[in-house]
Amino acid sequence: MVGRKNQSQNSSTTASVDGRKQSEEGDDEPVDAALTSTNSLYARGNGSPSSSNQQQQQQQQNIVAMNTTTTTTTTTTNKKKTIGTMEELYDKNRPLYLFRDVPAQDRQSLFCKKLQLCSYVFDFTDAASHVREKEIKRQTLLELGDYVNQDNAAKFTDKVFDDVMYMLQCNLFRALPPRSSEQTGNAAGEHFDPEEEEPKLEASWPHLQIVYEFLLRCVVSNEVDAKIGKKYVDNSFVLKLLELFDSEDPRERDYLKTILHRIYGKFMVHRPFIRKAINNIFFRFIYETEKHNGIAELLEILGSIINGFALPLKEEHKKFLVRALLPLHKPKCMAMYHQQLLYCVTQFVEKDPRLADPVLKGLLKYWPVTNSQKEVLFLGELEEVLELTQPQEF
């Protein structure tokens, strides 16, 4: 139930991000027209009282009818997906068969039932609770991953995709806990060093790891057609994945890095959106919080993306270098991701030596005057950029 609520919120987020232009061009035209007519009724104030009252009543009836239609449509669209209770899903008297024990024509239905079983999320803060059920879910997740690897082009239908996405959203998309330093109150201290902070590992990793592995196999599977999959792996789904990059658990961030890179490679329609979303994460990190656990992993993805940029470089990519990458030299914790940042910057200079000028100016602009450790990193980066600079650029 919680996962389905997140799904409806995700769909509204997608509408606000990707459908704003359509709404401005007339998606809400009937409602706007009704409101305009109603306002004009109140504004005119002329004519006979009976005629005005009749028009007003008729207008109100139209608005009520319109709202009723909208409510019915919304209810139909947002029909909540329900799964059974834990007692029903994990009933000892009705265990689910293994895929190899059922006929081929029944495996599709069994696949959906197993996805529903794995949509139930357990609390791992109490290691002694529901031990049997947790082990059943772990074994079922492993079996689902093996089933995805099998050659069967018919297994990813719209119905199956609905169950797959619901299971993924229930298990993956969650509120991340506060950082360990925020819980102890050390985050605001003058001597706080994020490099020395011990990461807080995810308690549900025994299940979460297999769910990530299942998602990765789905993305890379040849049985998943990109034209069909893009309807489900949409911008809202990508945004939710990007939010998880702030997880303290490095194991989770490593899986996310691999999965997002695969999504970028397979679903070409999402490439501009992914670059823009990462850009926004950088802006918020640089100018607002200076706290994010996944900057290094995001830069590692970008390093591979930049390496594949075609020549000549687009103006959009040059602006990304100047507006997002170079300001990443400003935060105090730059040492945590400097190696990945250096690779991205040098990739740009290698592709277009003329970019050495804005890069060198950017390094001088953000030069750490009072931080000797950062200054050593800047000197090393300056040396590498100068080695790539062509003589005609001096």
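Please read these numbers as outputs of a predicted model, since none were measured by experiment. (Residues numbered from 1 in each chain as written. Predicted model: local features only at pLDDT ≥ 70, side-chain atom pairs only at ≥ 80, totals over all residues. Heavy atoms only, no water.)

## Brief notes about the pattern of salt bridges
This model, assessed by the stated rule, comprises 19 salt bridges. Residue R138 is joined to E135 by a salt bridge in which the shortest nitrogen-to-oxygen separation is 3.0 Å. In this pair, R138 and E135 both sit in helix α7 (residues 131–149), 3 residues apart, roughly one turn of the helix. Take R138: its relative accessible area is 28%, and that puts it in the partly exposed class. Because the salt bridges share partners, they merge into one network encompassing D146, E213 and R217. (Salt bridge = Lys/Arg side-chain N within 4 Å of Asp/Glu carboxyl O. Helix = DSSP H or I, 4+ residues; strand = E, 2+ residues; numbered from the N terminus. Buried < 20%, exposed > 50% of the residue type's maximum accessible area, 1.4 Å probe, protein only.)

## Here's the deal with the nonpolar core
F111, L168, F214, F282, L299, L325 and Y337 are the most contacted members of the largest nonpolar core, which totals 93 residues. Counting residues per element, this core draws most heavily on helix α10 (residues 205–220), which supplies 10 residues. Setting aside its immediate chain neighbours within four residues, F214 contacts F111, L115, L144, G145, V148, V164, M167 and L168. (Core = buried A, V, L, I, M, F, W, Y, C linked by side-chain atoms within 4.5 Å. Contact = heavy atoms within 4.5 Å.)

## Examining the side chain of E143
Within the secondary structure layout, E143 lies in helix α7. You can call E143 buried: its relative accessible area is 16%. A distance of 3.0 Å separates a polar atom in the side chain of E143 from a polar atom in the side chain of K114. Once residues within four sequence positions are removed from consideration, E143 is found in contact with Y97, L98, F99 and K114. (Polar contact = N/O pair within 3.5 Å; in protein donor to acceptor, adjacent residues only side chain to side chain.)

## Observations concerning unusual backbone geometry
Here the amide bond leading from L311 into P312 is cis, since omega sits at -5°, within 30 degrees of zero. Along the polypeptide, P312 turns up in the loop between α15 (295–307) and α16 (315–325). Unlike most non-glycine residues, H130 shows phi in positive territory, near 50°. Its place among the elements puts H130 in the loop between α6 (107–118) and α7. Look at E290: it is not a glycine, yet its phi comes out positive at around 55°.

## A few points about the packing of aromatic side chains
This model, assessed by the stated rule, comprises 14 aromatic pairs. Centroid distance Y212 to Y255: 6.0 Å. Interplanar angle 15°. Geometry classified as stacked. One end of the pair, Y212, is in helix α10; the other, Y255, is in helix α13 (residues 250–266), with 43 residues separating them in the sequence. Residue classification places Y255 among the buried positions, given a relative accessible area of 18%. (Phe/Tyr/Trp six-rings, centres within 6.5 Å; stacked < 30°, edge-to-face > 60°.)

## What about the packing of helix α12 (residues 235–243) against helix α14 (residues 271–289)?
Two numbers describe how α12 lies on α14: the axes approach to 11 Å, and their chain directions differ by 35°. The element α12 and its partner α14 pack so that their crossing is right-handed. Contacts from N235, V238, L239 and L242 in α12 reach F273, I274, A277, I278 and I281 in α14. Class assignment of the residues belonging to the contact of α12 with α14 gives a composition of 8 nonpolar, 1 polar and no charged. (Axes fitted to C-alpha atoms, helices over the stretch in contact; angles between N-to-C directions. Left-handed = near helix turned anticlockwise from the far one by under 90°. Nonpolar A, V, L, I, M, F, W, Y, C, P; charged D, E, K, R; others polar.)

## Thoughts on α16
Inspection of α16 places H317, K318, F320, L321, A324 and L325 among the buried residues, and these make up the whole buried set. With its buried residues spanning 165° around the axis, α16 presents them on a single face. Its buried side turned inward, α16 meets α14, α15, α17 (338–351) and α18 (356–365). (Arc of directions from axis to C-beta.)

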